[in-house]
Amino acid sequence: MPTRRKKKAPEETNAPEESKPPEESEENVPEEPEETGPKVVSLNRELSVIGLSVRCAQIAATMEAHGFMDEDMKADSPHGVSSVLALVGARLDLLQAVIRREVNPAVLWGSHNAVGEHEARVDEDVLLTEWNRA
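Here the structure is a predicted model, which means the values were calculated and not measured.

## Some details on the nonpolar core
Core analysis: the largest hydrophobic core is formed by six residues, namely V41, L43, L95, V98, L108 and L128. Dropping the residues within four chain positions of it, L128 is found in contact with K39, V40, V41, L43, L95, V98, P105 and L108.

See the structure below:
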């Protein structure tokens, strides 16, 4: 029976040491600005992101239908399109609940639809401000 020989481990080379950034401690982390006012959601921005998500799903479905995907992409495409559309549906359901005043607009608030106090507000946009139930 033949015996196996261990392969020789590659020799280590001494690479020049890279400068490492100082470890983050509580002293080095910049403070996040505190929110001073209520959270405000731009309906225009929210609907724009929802529209872009639907367009993304449409493009993926079209690419698959016309054969522009390799086998791996073809296998994953239906799941991806379905996932994006499920998220869009859930977001629209949440948006409807906010408009019916069943859900606080703060639940919708995110970096993609936030309107800060320092930003100019567009007259044509609908702004949804968080509220508190007493």
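## As for unusual backbone geometry
The residue R101 is not glycine, and still its phi comes out positive at about 65°. Structurally, R101 can be placed in the loop between helix 2 (71–99) and strand 2 (127–129).

## Some details on the pattern of salt bridges
Scanning the model with the defined rule gives two salt bridges in all. Taking the shortest distance from any N to any O, the salt bridge between R91 and E46 comes out at 2.6 Å. Separated by 45 residues along the polypeptide, R91 in helix 2 and E46 in helix 1 (residues 43–65) bring together distant segments of the chain. Residue R91 is classed as partly exposed on the basis of its relative accessible area of 23%. The partner of E102 in a salt bridge is R100, with the nearest N and O atoms 3.1 Å apart.

## What to know about the packing of helix 1 against helix 2
Relative orientation and spacing of two packed helices are given, respectively, by the angle between their axes and the distance between those axes. Between helix 1 and helix 2, the least distance of the axes is 9 Å, while the angle of their chain directions is 160°. Judged by the inter-axis angle, helix 1 sits roughly antiparallel to helix 2. For the crossing formed where helix 1 meets helix 2, the hand is left-handed. Contact residues: helix 1 offers L43, E46, L47, I50, S53, V54, A57, A60, A61, M63 and E64, while helix 2 offers M73, K74, S77, V81, V84, L85, V88, R91, L92 and L95. Among the residues making up the contact of helix 1 with helix 2, the classes are represented as 15 nonpolar, two polar and four charged.

## Section: the environment of N44
Assignment of secondary structure puts N44 in helix 1. In sequence terms N44 and L127 are 83 residues apart; their C-alpha atoms lie 8.4 Å from each other.

## Overview of the side chain of N113
Within the fold, N113 resides in the loop between helix 2 and strand 2. In this structure N113 comes out as buried when scored by relative accessible area, which is 0%. With residues near it in sequence (within four places) discarded, N113 still touches V40, V41, S42, R45, E46, R91 and L108.

## Quick word on the side chain of S77
Note that S77 resides in helix 2. Assessed through its relative accessible area of 9%, S77 is described here as buried. Discounting residues that sit within four places of it in the chain, S77 has contacts with A60, E64 and M69.

How each quantity is defined
- Per chain, the residues get numbers from 1 upward, laid out in the order the sequence is written.
- Side-chain atom pairs in this predicted model are given and counted only at pLDDT of 80 or more, local residue features only at pLDDT of at least 70, and totals for whole chains, interfaces and linings cover all residues.
- For side-chain calculations, the full set of non-hydrogen atoms in the structure is used, while hydrogens and water are omitted.
- The nonpolar core is taken to be a set of buried Ala, Val, Leu, Ile, Met, Phe, Trp, Tyr and Cys residues, with the residues joined through side-chain atoms within 4.5 Å.
- The classification of residues rests on relative accessible area computed with a 1.4 Å probe and restricted to protein chains. Under 20% of the type maximum is buried, over 50% is exposed, and intermediate values are partly exposed.
- Only heavy atoms matter for contacts: two residues are in contact if any of them lie within 4.5 Å across the pair.
- We count a stretch as a helix when DSSP gives it H or I for four or more residues in a row; a strand needs E for two or more, and each element gets its number in order from the N terminus.
- By definition here, a salt bridge exists when the distance from a side-chain nitrogen of Lys or Arg to a carboxyl oxygen of Asp or Glu is within 4 Å.
- All axes here are fitted lines through C-alpha atoms, helices being fitted over the stretch that makes contact, and every angle between N-to-C directions spans 0 to 180 degrees.
- Each angle is binned into one of four classes, with values under 35 degrees roughly parallel, values over 145 roughly antiparallel, values of 65 to 115 roughly perpendicular, and all other values oblique.
- Left-handed is the label given to a crossing in which the near helix is rotated counterclockwise from the far helix by less than a right angle, and right-handed is the label when the rotation is clockwise.
- Under the convention adopted here, Pro, Cys and the residues Ala, Val, Leu, Ile, Met, Phe, Trp and Tyr are nonpolar, Asp, Glu, Lys and Arg are charged, and Gly plus all remaining residues are polar.

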